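Chain by chain, the residues:
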Amino acid sequence: MIEFKGVGYTYRSIIKRRHVRAVDDFTLSIAPGEVLGLAGPNGAGKTTLIALMLGFLRPTDGEVRVDGQSPRSFVERHGVGYLSELVNIPPRWTVEQALRRFALLAGVPDSEMRSRVDSAIERLGIDEHRAKTVRQLSKGNLQRLGLAQALLRDE
């Protein structure tokens, strides 16, 4: 369960000493297994909500809980897969090299590395791109690679 209870967040500018309210009194509960899309215009607070949910930011007001814990505590204990809009992977790595390195960083045991990487490649339909370098991928396939990376822990 992910819960936002009366959450607000205000960015504070150091230079101009301005305050910008990015999120105001936001309340939402997301049940396990529920899928949610977050849409809105630029500046609506979508990225701020995600940063709050992942524990990158702490709310100015209200509370965010993930499975009853603070987001940071949850992420530290369980990890999280997250795919941002911008995927920045060294362009000389191949798809397979990138996924092996990400699996290592995600704590995938050596004994499961090959099967997890192969499974992620198959699930995302990028097998034909396995030996291509990241710079050779289209934007869509780069996003698939990023999603495969985010799913490595879920096998």
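What counts and what doesn't
- Residues numbered from 1 in each chain as written.
- Predicted model: local features only at pLDDT ≥ 70, side-chain atom pairs only at ≥ 80, totals over all residues.
- Heavy atoms only, no water.
- Salt bridge = Lys/Arg side-chain N within 4 Å of Asp/Glu carboxyl O.
- Helix = DSSP H or I, 4+ residues; strand = E, 2+ residues; numbered from the N terminus.
- Buried < 20%, exposed > 50% of the residue type's maximum accessible area, 1.4 Å probe, protein only.
- Phe/Tyr/Trp six-rings, centres within 6.5 Å; stacked < 30°, edge-to-face > 60°.
- Arc of directions from axis to C-beta.
- Contact = heavy atoms within 4.5 Å.
- Core = buried A, V, L, I, M, F, W, Y, C linked by side-chain atoms within 4.5 Å.

Draft legend 1. Up close: the pattern of salt bridges. Under the criterion given, the structure shown has 9 salt bridges. Note that Glu96 is salt-bridged to Arg114, the shortest N-O span being 3.6 Å. Here the residue Glu96 occupies a position in helix H3 (residues 95-105), and Arg114 occupies one in helix H4 (residues 110-123), the gap between them amounting to 18 residues. The salt bridge involving Arg130 is made with Glu96; its shortest N-O contact spans 3.6 Å. Taken together, the positions of Arg130 in the loop between H4 and helix H5 (139-151) and Glu96 in helix H3 put the pair 34 residues apart, joining distant regions of the chain. We note that Arg130, like Glu96, is buried. Within the structure, one salt-bridge network assembled from shared partners comprises Glu96, Arg100, Arg114, Asp118, Asp127 and Arg130.

Draft legend 2. Summary view of the packing of aromatic side chains. Considering all chains together, one arrives at 3 aromatic pairs under this definition. Ring centres of Phe4 and Phe26 lie 5.3 Å apart, and the angle between their planes is 80°; on these two criteria the pair is classed as edge-to-face. One end of the pair, Phe4, is in strand S1 (residues 2-12); the other, Phe26, is in strand S2 (residues 19-30), and 22 residues separate them in sequence. For Phe26, a relative accessible area of 24% puts it in the partly exposed group. On the basis of an interplanar angle of 75° and a centroid distance of 4.7 Å, the ring pair of Tyr9 and Tyr11 is categorised as edge-to-face. The partly exposed category is assigned to Tyr11, whose relative accessible area is 34%.

Draft legend 3. Region of interest: H3. Among all positions in H3, only Val95, Glu96, Ala98, Leu99, Phe102 and Ala103 are buried. When H3 is viewed along its axis, its buried side chains cluster within an angular range of 160° and face the same direction. Residues of H3 that are exposed and point over 90 degrees away from its buried face: Leu104 and Leu105. Where H3 is buried, its residues meet H4 and H5. After H3 finishes, the residue Gly107 shows a positive phi value of roughly 85°.

Draft legend 4. Looking closely at the nonpolar core. Counting residues in each nonpolar core, the largest one holds 19 residues, and the members touching the most others are Ile89, Leu99, Val117, Leu145 and Leu152. For this core, the elements supplying multiple residues, two or more each, are H3, H4 and H5. Element by element, the count of residues in this core is highest for H3, at 5 residues. Once you skip the residues sitting within four places of it in the chain, Ile89 turns out to touch Ala98, Phe102, Val134, Leu142 and Leu145.

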